[in-house]
Amino acid sequence: MVEAAEIKSFTLRAPDHFDPHAETMPRHEIEALQTRRLEELLPRVYAHSALIRRVWDAAGVSPEDINSLADFKARVPFIDKDAIRAHRDRFGDPYGGIRIVDDSAVETVGFTSGTTGDPTPVPNGITNAVEVSHLRELWHSGGRPGDYIVHMMFTFRGGQSRNNFYNAAGLTPIMIPHNPTELPFLIQALKTYRPSVLYMLSTPLLIALEQYFEKTGDDPREIFNSVKGASFGGEPLSPRFAALVKDWGLELFEHSSLGDVSGMTECSAHDGMHGWEDLALVECLDDAGHEVSDGELGELTVTSLADPVAPLIRYRTEDLVRVNRAPCVCGRTHVRIWPVGRKGDRTTVQGKPVLPRDIQKLVERHRETRASLFQIVRPKPEMEVLHVRAGYDPEATADASELAARLTAELGTAFEVSVRVELVSNAELLKLGPPQKIPRVTKQ
Ligand SMILES: [Zn+2]
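Residues numbered from 1 in each chain as written. Predicted model: local features only at pLDDT ≥ 70, side-chain atom pairs only at ≥ 80, totals over all residues. Heavy atoms only, no water.

Caption draft 1: Molecular detail of the sheet that holds strand β17 (residues 374-377). A sheet is described by the order of its strands in space; here four strands give the open sequence β20-β19-β17-β21, paired in mixed fashion. Lying at the two open borders of the sheet, with one neighbouring strand each, are β20 (418-425) and β21 (441-442). Across two bridges, β17 lies against β21 in parallel orientation. Bridge pairing links Ile-376 to Val-441 in β21. Seen against the sheet, helix α13 (residues 400-415) touches β19 (385-392) and β20 and runs at an angle of roughly 140 degrees to β20. (Pairing = 2+ DSSP bridges. Helix = DSSP H or I, 4+ residues; strand = E, 2+ residues; numbered from the N terminus. Contact = heavy atoms within 4.5 Å. Axes fitted to C-alpha atoms, helices over the stretch in contact; angles between N-to-C directions.)

Rendered as structure tokens:
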């Protein structure tokens, strides 16, 4: 069993590393630790996780077959979100057959964000890999004992729903709901408590902050001047927002989910997000399930190594990523990951690949469409015409048909394909959900 003490035993802190031993261990040590944790974990998961036992039995695999990382990668069958939901619906188990302890060991219950379907409840125990990774990331972005930090978090697999873990780093969190309507409290907290870290910003909050500064004339540099680091998540940071936030004097660290197992966040090198390999086994796989080389596009596949309650084993995340396992200039030795998009978002138009983030760069440049709300409309992954449904601000638009023509021409030039732009008001698109949850790709 991975003991709380093992996960939370921090060694002497270096200036940039909360847990220098864990964050900078050589690769052979990372792999030895992973092997040890898998050896301990797999028999327990097989014995207690109804989903894993069913999937492994169907594949003819048992824990005795797995004696090395190579065995694991060659033999262990995959699971995904659909498998968890199907198990949940078939057996009436809210946790989808992944929980391996009884109710008494469940400390909190959270929910997945439901980006690609209905949210799934996630049980958490006394130790939580999300929180361990979070402390390392907060420290690296400037949080130090005695500091206040702002905690504005949206749903994230139930992690960080508790605040006492911040005590391990001597930080005092100011808890504010993650909602643009709470902006007055954020501004007040920034002015009153002078927090060193702002966790976390998202597109809706950046839009609200931009409007706030335009309306009030407050100086963002003054408001944010105590903040050493701010994280950003929910979707990729667009070039326009990156420039805007830089202008406010904020150093932004992009953050994402490491396949629901923990978080992953950029370091000060801003060259990929660090996934913690003592907390998760990270694989980058082609469609056939073979590991791709560093730098090549693959599907992020993760295994929990430090979740004593509901570990995911070879969980295919549907996130397309590139990875690099070379040590980083920040001194950390753990894998760096560059998210590229969702597997289901892959679209080709006239044989050319089109990703939502490439459209975003063009759409957000225009004042009328700067909120960057849009969808690729495609009944099937291969299309002859790129159909973009773009949200616009009617108040900022003099002539909608001129705007549509301008966007059509620009997208056509950028992708060298036929384009159809359909304009709808931002308000209409926001009926589908908050900006970061509007599906970037839709069938109709
Ligand atoms: Zn780094």
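From this point, the narrative continues.
Caption draft 2: Examining α13 more closely. Helix length check: α13 (16 residues) gives 22 Å between terminal C-alpha atoms against 22 Å at 1.5 Å per residue, within 8%. Those residues of α13 that sit buried are Leu-403, Ala-404, Leu-407, Leu-411, Gly-412 and Phe-415. An end-on view of α13 places all buried positions within 160 degrees of arc, on one side of the element. On its buried face, α13 sits against β16 (352-354), α12 (356-363), β19 and β20. Just downstream of α13 lies Glu-416, where phi reads positive at about 55 degrees. (Expected span 1.5 Å × (residues − 1). Buried < 20%, exposed > 50% of the residue type's maximum accessible area, 1.4 Å probe, protein only. Arc of directions from axis to C-beta.)

Caption draft 3: The arrangement of the layout of surface pockets in detail. Estimated volume of the second largest pocket: approximately 400 Å³. Lining the second largest pocket are 17 residues, and of these Ile-207, Gln-211, Ala-371, Asp-393 and Asn-426 lie nearest its centre. Elements that contribute at least two residues to the lining of the second largest pocket include exactly α9 (203-216) and α14 (426-430). For the lining of the second largest pocket, the element with the most residues is α9, which contributes four residues. Of the residues assigned to the lining of the second largest pocket, the class counts are eight nonpolar, two polar and seven charged. (1 Å grid on protein atoms, 1.4 Å probe; cavity = no way out; pocket = protein on both sides within 12 Å on 5 of 7 lines; lining within 4 Å. Points joined across faces, edges and corners; volume = space filled by probe spheres on them. Nonpolar A, V, L, I, M, F, W, Y, C, P; charged D, E, K, R; others polar.)

Caption draft 4: A look at the coordination of the zinc ion. For the zinc ion, the full set of protein donor atoms is Cys-267 (SG), His-274 (NE2), Cys-328 (SG) and Cys-330 (SG), and the range of their distances to it is 2.1 to 2.3 Å. Taken together, the four donor atoms coordinating the zinc ion and their angles of 105 to 114 degrees define a geometry best described as tetrahedral. All donor residues of the zinc ion come from one chain, and their arrangement in sequence is C-x6-H-x53-C-x1-C. A single burial state applies to Cys-328 and to Cys-330, both of which are buried. (Donors = N, O, S within 2.8 Å, 3.2 Å for Na, K, Ca; no water. Tetrahedral: all angles 85-135°; square planar, octahedral: opposite > 155°, others 65-115°.)

Caption draft 5: Summary view of the packing of helix α3 (residues 27-48) against helix α4 (residues 50-59). Running from amino to carboxyl end, α3 crosses α4 at an angle of 95 degrees, the nearest separation of the two axes being 6 Å. Relative to α4, α3 is oriented roughly perpendicular. Taken together, the residues of α4 that come into contact with α3 (itself represented by Leu-42, Val-45, Tyr-46, Ala-47 and His-48) are Ala-50, Ile-52, Arg-53, Trp-56 and Asp-57. Its residues assigned to classes, the contact of α3 with α4 comprises seven nonpolar, one polar and two charged. (Parallel < 35°, antiparallel > 145°, perpendicular 65-115°, else oblique.)

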